[in-house]
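# Residue-level structure breakdown
Given next are the chains, with one letter for each unit.
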Amino acid sequence: MKEQDTINPSSLRQALAAKARPNLVVVAGGTDILVQLHDRVDRPWPKLLVLDGIKALGKITLHDDFVTIGPNVTFSEIESSPIIGKYAPQLAQAASVAGSVQIRNRATIGGNVANASPAGDLIPPLYVLGATLELLSVRTKRSMPIEKFFVGPGKTVLKSNELITAIRISKVKRIGFFLRLGTRQALAISKVSVAAALMIKSGIILDVKIALGAVAPTVIRAGVAEELLRGNRLDAKLIDHAAEAASKEARPIDDIRSVAAYRKEMVGILLKRGLTKILESM
Amino acid sequence: MKVRFKLNGKFVMLDLPGVERLIDLLRERLDLVGTKEGCGKGECGACTVLLDGKPVCSCLMLASQIAGHEIVTIEGVAADNRYAHILNAFEETGAVQCGYCSPGMIVSAAALLARNRHPSDNEIKRALAGNLCRCTGYSKIIEAVSRAAERVAQERK
Ligand SMILES: Cc1cc2nc3c(=O)[nH]c(=O)nc-3n(C[C@H](O)[C@H](O)[C@H](O)COP(=O)(O)OP(=O)(O)OC[C@H]3O[C@@H](n4cnc5c(N)ncnc54)[C@H](O)[C@@H]3O)c2cc1C
Ligand code: FES
Ligand code: FES
């Protein structure tokens, strides 16, 4: 495996210049990539572009209307950030239940998004927070809503010369939750996850977004359930209807982690659990 | 590529031969074989070391990623008086059977006790969730960590 040096830029400019070359594999925390490379030890490793030395990509910054999260920000940093706790509690919850201490200390938000797993735990929260991704190449700069970024499992619209350079969320305060189900609490990839963000005024749901993880080729929104909830008073009956609708919207597959029917049912149960908790706290 | 970093309290300057995992650098070139490789995929925690005081899997890091940082391995923890209680408590409670998981467990426990002097059983479980043990059934390990925490607390009184 000892083929060639890794490229370790200390600035974004150097990183983008390097990324213009073909066949380069980006490493942030390495918790996905090194697992993938482990399974192919005897073949030569590809040329690696290591991002975690770029300090500018590792910050959480508060602006007037939005919060910027650098792609190198780790799950542990998200979990303990007061800014994230205030404006994106779902994201903090997701970061705190994923992996293990060791994984959370290295796993980055940029890596979670770029890896594009339908079970990536930070993705459903980012959907419901209406996150925007900033994608940069040496010459171009574009932004897009996170929902436009994913094409399928492990597939995104990221071009080979681009990097994710920022993740933005608005500073609108909403209540919400992230709940997931794995085979065990630690070190298990989600079988099903549900994230939600709601704006509720005098008992009426003014706005709501729900995202489902690990039940389709990409993370998806539960649009029918959202429609049922929007404009209505949150009560036990409405919660049941929404949970049933969300269950039907899930399009899971049978795989090694779980079977489809169970996953569909669990979507409803998790949504009900989260919404009921909000109802009880009102 | 040259890297400079702190290893178990001392500054080290090294030439990296190319792409190399941190665990291979530690075990094969620096002879720090206390760090174990179980799965090589982040799942067992046998390879846990401290990066700037935080537990990480050395099987999931590239050696080039430690430039400018501080690494403490089980050898560093074992030589540090502050952690002597952990090692003793592991011995006394029978938290070590085959011992393969022990270096990683002890490194994780050291990181926990450095930031939380009175961990609850749940906090201990959460801190050690990334360390698997195939022998002990965990209860002795949890007992060991909480006994070590008590002793540290008593000493500080
Ligand atoms: C034992 C274990 C348990 C895990 N548990 C969970 C879990 O519970 N929940 C969960 O969601 N994930 C889990 N993971 C998966 C992994 O930790 C996460 O997906 C993590 O967020 C990946 O981030 P990273 O920085 O380590 O990624 P890397 O491995 O460094 O990179 C991942 C991918 O993203 C690309 N990339 C990274 N940064 C950028 C960027 N700025 N621009 C463009 N591309 C980029 C890389 O090229 C690569 O394709 C687990 C992994 C392990 C090994
Ligand atoms: S060897 Fe690193 S976690 Fe198992
Ligand atoms: S003592 Fe054998 S694996 Fe823990």
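Computed from a predicted structure; not experimentally measured.

As a further point, take the overall build of chain B. Secondary structure summary: chain B contains 6 helices and 5 strands in total. For chain B, the N- to C-terminal ordering of α and β elements is β-β-α-β-β-β-α-α-α-α-α. For chain B, the spread of C-alpha atoms along the three principal axes comes to 45 × 35 × 25 Å. In chain B, which comprises 157 residues, the share counted as buried stands at 55%. Carbon and sulfur atoms make up 48% of the accessible area of chain B, which totals about 7200 Å². Put simply, chain B has 21 plus and 18 minus side-chain charges, and the middle of one group is 3 Å from the middle of the other.

Let us now look at the sheet that holds strand S5 (residues 70–72) of chain B. Residue and element names in this part refer to chain B. Taking strand neighbours across the sheet as the criterion, the 5 strands line up as S2-S1-S5-S3-S4 in an open arrangement whose pairing is mixed. Bordering the open sheet on either side are strand S2 (10–15) and strand S4 (54–57), each of which pairs with just one other strand. Adjacent strand axes in the sheet meet at a mean angle of 40 degrees when their direction is disregarded. Bridging between strand S3 (residues 48–51) and S4 involves 4 bridges; their strand directions are antiparallel.

This part covers the domain arrangement of chain B. All names here are of chain B. Split into domains, chain B comes out as domain 1 (2–73) and domain 2 (78–155). Each of domain 1 and domain 2 was reduced to a C-alpha centroid, and the two centroids are 21 Å apart. The partner domain 2 presents 9 residues to the 14 residues of domain 1 that form the contact. Together, the buried faces of domain 1 and domain 2 total about 870 Å²; carbon and sulfur atoms form 62% of this surface. Between the two partners, domain 1 and domain 2, sit 0 salt bridges. In this structure, the connection of domain 1 to domain 2 is made through 4 residue pairs in polar contact (both at pLDDT 80 or more). Per-class residue counts for the side of domain 1 that touches domain 2 are 5 nonpolar, 6 polar and 3 charged.

A word on the site of ligand 1. Residue and element names in this part refer to chain A. For ligand 1, the set of nearby residues contains 35 residues, the closest of which are Ala28, Thr31, Asp32, Ile33 and Thr108. A distance of 2.7 Å is found between an oxygen atom of ligand 1 and a backbone nitrogen or oxygen belonging to Val26. Separating an oxygen atom of ligand 1 from a backbone N or O atom of Ile33 is a distance of 2.7 Å. In isolation ligand 1 has 980 Å² of accessible area, and contact with the protein removes 93% of it. Ranked by residue count, the leading element in the shell around ligand 1 is helix H7 (residues 109–115), at 4 residues. Classifying every residue of the shell around ligand 1 gives 20 nonpolar, 10 polar and 5 charged.

Residue and element names in this part refer to chain A. Strand order in the open sheet made by the 5 strands is S3-S4-S9-S5-S6, with antiparallel pairing throughout. Both outer strands of the open sheet, strand S3 (60–62) and strand S6 (141–145), are each paired with one neighbouring strand and no more. The mean angle between the axes of side-by-side strands here comes to 25 degrees, regardless of whether they run parallel or antiparallel. Two elements, strand S5 (residues 132–136) and strand S9 (residues 163–170), share 5 bridges in a ladder whose sense is antiparallel. Paired with Leu133 across the strands is Ile167, a residue of S9. Running over the sheet, helix H1 (residues 12–19) touches S5 and S9 and is turned about 125 degrees from S9.

Here helix H11 (residues 260–281) of chain A contains 22 residues, and its C-alpha end-to-end distance of 32 Å stays within 8% of the 32 Å for a straight helix at 1.5 Å per residue. Residues of H11 of chain A that are buried sit in contact with strand S10 (175–181), strand S11 (192–201), strand S12 (204–213), helix H9 (223–229) and helix H10 (236–249) of chain A.

Here Ala129 of chain B is to be found in the loop between helix H5 (121–127) and helix H6 (139–156). Distance in space between the C-alpha atoms of Ala129 of chain B and Ser108 of chain B is 9.5 Å, their sequence separation being 21 residues.

Within the chain, Ala116 of chain A stands out as a residue other than glycine whose phi angle is a positive 55 degrees. With a relative accessible area of 2%, Ala116 of chain A lands in the buried category.

Attention now moves to the layout of surface pockets. The computed volume of the second largest pocket comes to approximately 1000 Å³. Taken together, 40 residues make up the lining of the second largest pocket; nearest its centre are Thr74, Glu77 and Asn105 of chain A together with Leu51 and Lys54 of chain B. Looking at the lining of the second largest pocket, the elements that each hand over two or more residues are helix H3 (75–80) and helix H6 (101–104) of chain A together with S4, helix H4 (102–115) and H5 of chain B. In the lining of the second largest pocket, the residues fall into 12 nonpolar, 17 polar and 11 charged.

Residues and elements named next belong to chain A. Here H10 crosses H11 at 150 degrees, and the two axes come no closer than 8 Å. The angle between H10 and H11 places the two elements in the roughly antiparallel class. Note on packing geometry: the crossing formed by H10 with H11 is right-handed. Facing Ala236, Ile239, Asp240, Ala242, Ala243, Ala246, Ser247 and Lys248 of H10, the residues of H11 in contact are Lys264, Glu265, Val267, Gly268, Leu271, Lys272, Leu275, Thr276 and Leu279. For the contact of H10 with H11, a count of residues per class yields 9 nonpolar, 3 polar and 5 charged.

Each partner contributes residues to the interface: chain A has 32 residues there, and chain B has 34 residues. Overall, the association of chain A and chain B removes approximately 2600 Å² of surface from exposure, summing both partners, and the carbon and sulfur fraction of that is 58%. At the boundary of chain A with chain B, the tally comes to 2 salt bridges. Viewed at the interface, chain B and chain A are joined by 12 residue pairs in polar contact (both at pLDDT 80 or more). Of all the secondary-structure elements, those providing two or more residues to the side of chain A that touches chain B are helix H2 (33–38), strand S2 (47–50) and H6 of chain A. If you tally residues by element for the side of chain A that touches chain B, the top one is H6 of chain A, at 4 residues. Residues that form the side of chain A that touches chain B fall into these classes: 12 nonpolar, 11 polar and 9 charged.

Residue and element names in this part refer to chain A. For S9, a buried count of 6 out of 8 residues is recorded, marking the element as mostly surrounded by other parts of the structure. With 4 bridges joining them, strand S4 (residues 66–69) and S9 adopt antiparallel strand pairing. Its bridge partner lying in S9, Val67 is registered against Ile169.

Conventions we followed
Residues numbered from 1 in each chain as written. Chains lettered and ligands numbered in written order. Predicted model: local features only at pLDDT ≥ 70, side-chain atom pairs only at ≥ 80, totals over all residues. Heavy atoms only, no water. Helix = DSSP H or I, 4+ residues; strand = E, 2+ residues; numbered from the N terminus. Buried < 20%, exposed > 50% of the residue type's maximum accessible area, 1.4 Å probe, protein only. Areas by Shrake-Rupley, 256 points an atom, 1.4 Å probe, with all protein chains shown as cover. Lys, Arg positive; Asp, Glu negative; His and termini not counted. Charge placed at Lys NZ, Arg CZ, Asp CG, Glu CD. Pairing = 2+ DSSP bridges. Axes fitted to C-alpha atoms, helices over the stretch in contact; angles between N-to-C directions. Domains from an automatic or database assignment. Contact = heavy atoms within 4.5 Å. Buried area = accessible area lost by both parts, 1.4 Å probe. Salt bridge = Lys/Arg side-chain N within 4 Å of Asp/Glu carboxyl O. Polar contact = N/O pair within 3.5 Å; in protein donor to acceptor, adjacent residues only side chain to side chain. Nonpolar A, V, L, I, M, F, W, Y, C, P; charged D, E, K, R; others polar. Near = heavy atom within 4 Å. Expected span 1.5 Å × (residues − 1). 1 Å grid on protein atoms, 1.4 Å probe; cavity = no way out; pocket = protein on both sides within 12 Å on 5 of 7 lines; lining within 4 Å. Points joined across faces, edges and corners; volume = space filled by probe spheres on them. Parallel < 35°, antiparallel > 145°, perpendicular 65-115°, else oblique. Left-handed = near helix turned anticlockwise from the far one by under 90°.

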